[in-house]
Amino acid sequence: MSIHRRVAALSGLLAGTLLLAFAGPPGTAQAATGTTLYASPTGSGSACTVSAPCSLTGAQRTVRAVDGSMSSDITVYLRGGTYTETTPLSFGPQDSGTGGHTVNWDAYPGEVPVISGGKKVTGFSLYDSSKNIYRAAVPAGTQSRQLFVNGVRAQRARGALNPSGFTLSGSSFTTSDASYTSFTNPSQTEIVDDNDWKQMRCPLQSITATSSGGSSLNVDPTCFANNNTDVQNPGYPFNGAGVLKLTGISWIENAYQLLTQPGQFYLDSNAGYLYYIPRTGENLATADVELPTAQELLDLSGTPGHLAPVNDTDPNAAYSGSWSTSTGRAYGDLGGDVHYTTTNGDSVSYTFTGTGLQVLSEVAPDEGGIDVYVDGVKTQSVNAEAATRLAQQAIVSVTGLAKGSHTVKLVKTSGTYMLIDGFTVIPDTVTPVQHIGFQGVTFAYDTWNQPTTSGYVDNQAGVLWDPVTHAPTRIPAAVQVHRGNDISFTRDTFTHLGGTGLDLADGTQNSNVTGSIITDTSGGGVSLGEVDDYYQTQTDLMTTGDTVADNTISYVGQDYHDAVGVWAGYTRNASIANNDIGYTPYSGISLGWGWGWASCTLKYTTCHHGTIYAGGNRITGNSVHNVMRTLHDGGPIYTNGGQGGGDGSMTSVLSGNVVAEGNDTNNMLYQDEGSSYWDTYDNVTRFGGSNWIGMWISTIHDIDIHDNYSDNASYNNAGTNITFNQATIVSSGAWPAAAQGIIAAARPSGQYRPLTGRIDDDEPTIAYTGSWSASANRGYGDFDDGVHYTTTNGDSASYTFAGTGVQILGEKSPDQGNVEVYLDGVSQGQVDTSATAKQAQQVVYSVQGLTPGSHTVQLVKRSGTYTTLDGFEITRTVDDTDAALQYTGSWTASTNRGDGDYGDDVHYAETDGDSVTVSFYGTGISYVTETNTDEGTVDVSLDGASQGSVSANASSRHAQQTLYTASGLGLGYHTLTLTKAGGTYLVVDRFDIS
């Protein structure tokens, strides 16, 4: 069938949708090798080609039409531009790759496709000139909790931090300040309480005047109950012993009257108006103002989805015989109660619609035999007798039934007791969404509106209590995978989001998030696993075999401060490796759940006690820095609950990580309650924490701690059966070679690490010698809101780089003095950093025009009370051989040319359309190469936008010529792509990044 006849044949299936053609030769069949489709935000033409691409929806439908007989991978290239979605793009098993092949949804080389849930807002006019408030109309009823202006997050209008003068009276906060009674739309106003490891939010019901002439902020009663008078405390395995309540106000949010500062906004949903105070330099007539309205961007869901047990009191359970109920047993029963009988022959029947059923009971010395019947036929016998009492055990698993109505009956045959604790219905066959990959795609601009009406009812680390059912839930993600298998996200970007970035949920297996950038999220970065499937015994229903590696994760938890960079609940054989995680309000990595559920007998005679399936997990090679900037009682790396598969057979590994700048943490490596069966070694901790490692209670057990390095000798070891070897304690920054090797390796691998010209002061490879300390959240305008400082003359900080220039960034202030600068070991003289007033991000020293290559810059304190280091601005030289460069097409490396190339080597391509892409973090980039008679036109694209073409043609060969430069970019992540468009060769020699 010809390509044109193939399109015609699909036209009936794709009614009303622009069609896609395969980029293959005539005669291409449905299952063609290397099938390639194209999609764009807006399509044109009757058939899709590179020049006339079609919609993402059309591409998805076409893939469904052909993937049933795949003999090779299918790739859908997403052309650059914004795909605006009001509802999430949904992928199911029908969209899966088949025959072991994958459906890839990839960015077209050099272009940036953005899946967006934002609504562009225009038509601003000055509304209040005295406060510089602008207003624009939006559809009445528009709901959103976020706003972004030119890619920068705006802040919901809020009052001062920790306002004084409030008293909690019942469910109201009262104050003598009468101004609150003037607030319009008080039911849209929220109070926020950051309390230890939790953040709690509640909307107000009203604001009324007090009898003394002040204001009473009356909290929504249901939300107040959830966050104060009726805080959920079921204990293990759902939460720990601590119960924090909403008892104070950290700030008041979302009232027009609180709109006072540049960069703040207020959305009046009822009236349909958006109010905003622009920052310096923002022109609302031309600015890109994005109001996120979609609450999810991409959903990949297999079956059966989320599984949660129902209690033994469920009405579908029919008990026959002399059954009794028991409550308050303190053994960890689901819902705090059980049904039990002592009479052989007594039975319980459970009727359900689905494909399977799991029955939860307990095992104990006084339990016995049970016969199991399915639809009237005996299928198995089980025995609940065991030497140790364990709660919530899946003693019966019935699976593989035809989908429909079934009845499972359990009959007591022996033992003193038969006990029923709960039932988990499996509603459908296990059919994962699978073999799908996304590469180079940006997911941006979504929101999450539930806190607006129900508040934020926190448990810990972005795990919440549902405000209605009180079941555990989580901050939802912009991209959600439920019951997935072999789902991959590679070099994607998740940014400007109102919830978490990405969630691999509900038994997702063998999936990965690799080399991606996750930044500026209201919730967490990546979530993995569940908190309520601890009892699971069926491998195909577990979260297992997933990988989160080589990602750069920063500035998560922008709204919900308990969120973390990477969170994992119950997982098996997960790998969290070589990620760079920084600038979080709470923990960097949090793995595990359940507290002492699997080990509380080490402390208590009777306790909530059961088993878990978690084990074989690995946290390795991560750089976690500048975390715990707001909340407390967490850590750069935090573990919770048991590992080891419940019996020690699957020890988990915590190794090769560098954790630094712990800020408000008590433990840099925090192995919290119930943590067990860990091998913790070859980690480096520095700059922060009361303890380099902490294990504070006896339910923490069977951890082998050895061969670690720290600048802090303090630790807390109150665990059980802990093999503890004190870390090698380092002073004055004199790290031994082994520790230096760990520091150098703990980061994303070279091909995924964004190149950068801006080096923050918390870069692990900066060598601090002496008694330096770190300070964050200073509020003085530091880069990334933090500096390193010392008070000791002679202390130094050194950084080695490959480049042609460097600037040292610090602050100047009255309490600072002279610093001496060395370049490649040669003194450049002293610089006076004193000033009459504090000045942030000052250039202390600058040099350019260095010979391309390796250089070392050093800063030495000579006088004054303090010396600060805020970072370095490098003009970084990147050779053509750098692993971070992405070559597409048929490139060849050429070495030892003797033509004056940087590094005496180049890469070259001979085919038009071949390209090279450079991803970098900074403000500028230059393309430096050779020019010659056999070279031609190069198309340039920056951040997905064409920059025109440059010519490398010249009358003779000239090495290391600058053909293209971009400067003055906003500090952030950028992508430059060069594409061969003419001539015999396209040559790449080096890039300079600043």
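Residues numbered from 1 in each chain as written. Predicted model: local features only at pLDDT ≥ 70, side-chain atom pairs only at ≥ 80, totals over all residues. Heavy atoms only, no water.

A. Spotlight on the overall build of the chain. The number of helices and strands found in the chain is five helices and 89 strands. Taken over the C-alpha trace, the chain has a radius of gyration of 30 Å; the compact-globule value for 994 residues is 30 Å, and the two agree within 12%. Oriented by its inertia axes, the alpha-carbon framework of the chain measures out at about 100 × 80 × 60 Å. Sequence separation of 24 or more characterises 77% of the internal contacts of the chain that already satisfy a separation of 6 or more. With an accessible surface of roughly 34000 Å², the chain has 46% of that area assigned to carbon and sulfur atoms. Distance between charge centroids for the chain: 4 Å, based on 44 positive and 95 negative side chains. (Helix = DSSP H or I, 4+ residues; strand = E, 2+ residues; numbered from the N terminus. Rg over C-alpha atoms; globule rule 2.2 N^0.38 Å. Contact = heavy atoms within 4.5 Å. Areas by Shrake-Rupley, 256 points an atom, 1.4 Å probe, with all protein chains shown as cover. Lys, Arg positive; Asp, Glu negative; His and termini not counted. Charge placed at Lys NZ, Arg CZ, Asp CG, Glu CD.)

B. Just the sheet that holds strand β14 (residues 172-175), in detail. Strand order in this open sheet of six strands is β13-β14-β17-β16-β15-β18, and the pairing throughout is antiparallel. At either end of the open sheet lies a strand with only one pairing partner, and these are β13 (167-169) and β18 (251-253). In this sheet, neighbouring strand axes are inclined to one another by 35 degrees on average, regardless of whether the strands run parallel or antiparallel. With four bridges joining them, β14 and strand β17 (residues 215-219) adopt antiparallel strand pairing. Following the sheet pairing, Phe173 is matched in β17 by Leu217. (Pairing = 2+ DSSP bridges. Axes fitted to C-alpha atoms, helices over the stretch in contact; angles between N-to-C directions.)

C. Local environment of unusual backbone geometry. Cis geometry is found at the peptide bond from Tyr236 to Pro237, where omega equals 0 degrees. Following the sequence through the fold, Pro237 ends up in the loop between α3 (221-229) and β18. Between Thr303 and Pro304 the backbone carries a cis peptide bond, its omega angle lying at 15 degrees. Mapped onto the secondary structure, Pro304 falls in the loop between β22 (298-301) and β23 (310-311). Phi is positive for Asp785, close to 55 degrees, though the residue is something other than glycine. Note that Asp785 resides in the loop between β70 (773-776) and β71 (786-790). With a relative accessible area of 22%, Asp785 lands in the partly exposed category. (Buried < 20%, exposed > 50% of the residue type's maximum accessible area, 1.4 Å probe, protein only.)

D. Quick look at the sheet that holds strand β34 (residues 422-426). Strand order in the open sheet formed by four strands is β23-β34-β28-β31, with antiparallel pairing between adjacent strands. Here the strands that pair on one side only, and so sit at the sheet edges, are β23 and β31 (390-398). The pairing of strand β28 (residues 356-363) with β31 spans six bridges and is antiparallel. Within β31, the position partnered with Val359 by the bridge is Val396.

E. A look at the nonpolar core. Core analysis: the largest hydrophobic core is formed by 99 residues, its most contacted members being Val76, Trp105, Leu298, Leu300 and Phe489. Counting residues per element, this core draws most heavily on helix α2 (residues 56-66), which supplies four residues. Once residues lying within four places of it in the same chain are set aside, the contact partners of Trp105 are Leu56, Ala59, Gln60, Val63, Val76, Leu78, Phe91, Ile436, Gly437, Phe438, Gln439 and Val441. Counting residues in hydrophobic clusters, the runner-up holds 26 residues, among them Val938, Leu978, Leu986 and Phe991. (Core = buried A, V, L, I, M, F, W, Y, C linked by side-chain atoms within 4.5 Å.)

F. View of the pairing of strand β26 (residues 337-341). Buried residues dominate β26, accounting for four of its five residues. As paired elements, β26 and strand β33 (residues 418-420) share three bridges and run antiparallel to each other. Bridging from a neighbouring strand, Tyr340 pairs with Leu419 of β33.

G. Just the side chain of Gln671, in detail. Mapping Gln671 onto the fold places it in strand β58 (residues 667-671). When residues no more than four places from it in sequence are discounted, the contact partners of Gln671 are Thr639, Leu654, Trp678, Thr680, Ile693, Gly694, Met695, Ile700 and Ile703.

H. Representation of the packing of aromatic side chains. Within this structure, the stated rule accounts for 42 aromatic pairs. Ring centres of Tyr340 and Tyr417 lie 5.9 Å apart, and the angle between their planes is 70 degrees; this geometry places the pair in the edge-to-face category. Of the two residues, Tyr340 is situated in strand β26 and Tyr417 in the loop between β32 (404-412) and β33; the sequence distance between them amounts to 77 residues. Using a relative accessible area of 26% as the deciding quantity, one classes Tyr340 as partly exposed. (Phe/Tyr/Trp six-rings, centres within 6.5 Å; stacked < 30°, edge-to-face > 60°.)

I. Focus on helix α5 (residues 737-745). Of all the residues in α5, the buried ones are Ala739, Ile742 and Ile743. One side of α5 carries all its buried residues, which in axial view fall inside an arc of 100 degrees. Its buried side turned inward, α5 meets β57 (658-660), β60 (684-686) and β63 (709-710). (Arc of directions from axis to C-beta.)

J. Representation of the confidence of the model for the chain. For the chain, the mean per-residue pLDDT works out to 93, and 95% of the residues sit at or above 70. The secondary-structure element of the chain with the lowest mean pLDDT is helix α1 (residues 3-10), recorded at 22, while strand β53 (residues 618-620) shows the highest, at 99. Contacts from residues 1-33, a stretch scored under 50 in pLDDT, to residues over four places away or in other chains number 65 contacts. For residues 49-53, every residue scores under 50 in pLDDT, and the model assigns this stretch 14 contacts once sequence neighbours within four places are set aside. (pLDDT = per-residue confidence, 0-100.)

K. Structural context of the environment of Ser919. Tracing the chain through its elements places Ser919 in strand β82 (residues 915-922). Note: C-alpha distance between Ser919 and Trp678 (241 residues apart in sequence) is 36 Å. If sequence neighbours within four positions are ignored, Ser919 has contacts with Pro754, Leu755, Gln886, His974 and Thr975.

L. The arrangement of the side chain of Thr571 in detail. Position of Thr571 among the secondary structure elements: in the loop between β49 (566-568) and β50 (575-577). In this structure Thr571 touches Leu528, Gly529, Thr543, Tyr613, Ala614, Gly615 and Asn617, once residues within four positions along its chain are discounted.

M. Spotlight on the pairing of strand β74 (residues 826-832). Where strand β73 (residues 818-823) meets β74, five bridges bridge the pair, whose relative direction is antiparallel. Its bridge partner being in β74, Tyr822 is matched across the sheet by Ser827. The antiparallel pairing of β73 with β74 creates a hairpin that spans two residues between the two strands, and Asp824 there sits at a positive phi of about 50 degrees.

N. Expanded view of the environment of Gly786. On the secondary structure map, Gly786 appears in strand β71. A relative accessible area of 4% means that Gly786 is categorised as buried. Considering only alpha carbons, one finds Gly786 and Asp762, 24 residues apart in sequence, at a separation of 8.6 Å. Setting aside residues up to four positions removed in sequence, Gly786 forms contacts with Asp761, Ser775, Ala776 and Asp870.

O. Spotlight on the state of the cysteines. The full count for this structure, using the stated rule, is two disulfides. Bridging Cys202 to Cys223, the disulfide has an S-S length of 2.1 Å. Disulfide Cys202-Cys223: torsion about the S-S bond near -90 degrees, hence left-handed. Here the residue Cys202 occupies a position in strand β16 (residues 198-209), and Cys223 occupies one in helix α3, the gap between them amounting to 21 residues. For the pair shown, Cys202 and Cys223 are each scored as buried. The disulfide that involves Cys600 links it to Cys607, with 2.0 Å between the sulfurs. Taking the sign of the S-S torsion, 85 degrees for the link of Cys600 and Cys607, the bridge is right-handed. For Cys600, a relative accessible area of 0% corresponds to the buried category. (Disulfide = S-S within 2.5 Å.)

P. Examining the pattern of salt bridges more closely. What the rule picks out here adds up to 34 salt bridges. The partner of Arg279 in a salt bridge is Glu282, and the shortest N-O contact between them spans 3.1 Å. You can call Arg279 partly exposed: its relative accessible area is 23%. Note that Arg389 is salt-bridged to Glu362, the shortest N-O span being 2.6 Å. You can see Arg389 sitting in the loop between β30 (377-383) and β31 and its partner Glu362 sitting in strand β28, a full 27 residues away along the chain. The buried category is assigned to Glu362, whose relative accessible area is 2%. By sharing partners, the salt bridges in this structure join Arg145, Arg156, Arg158, Glu190, Arg201 and Glu253 into a single network. (Salt bridge = Lys/Arg side-chain N within 4 Å of Asp/Glu carboxyl O.)

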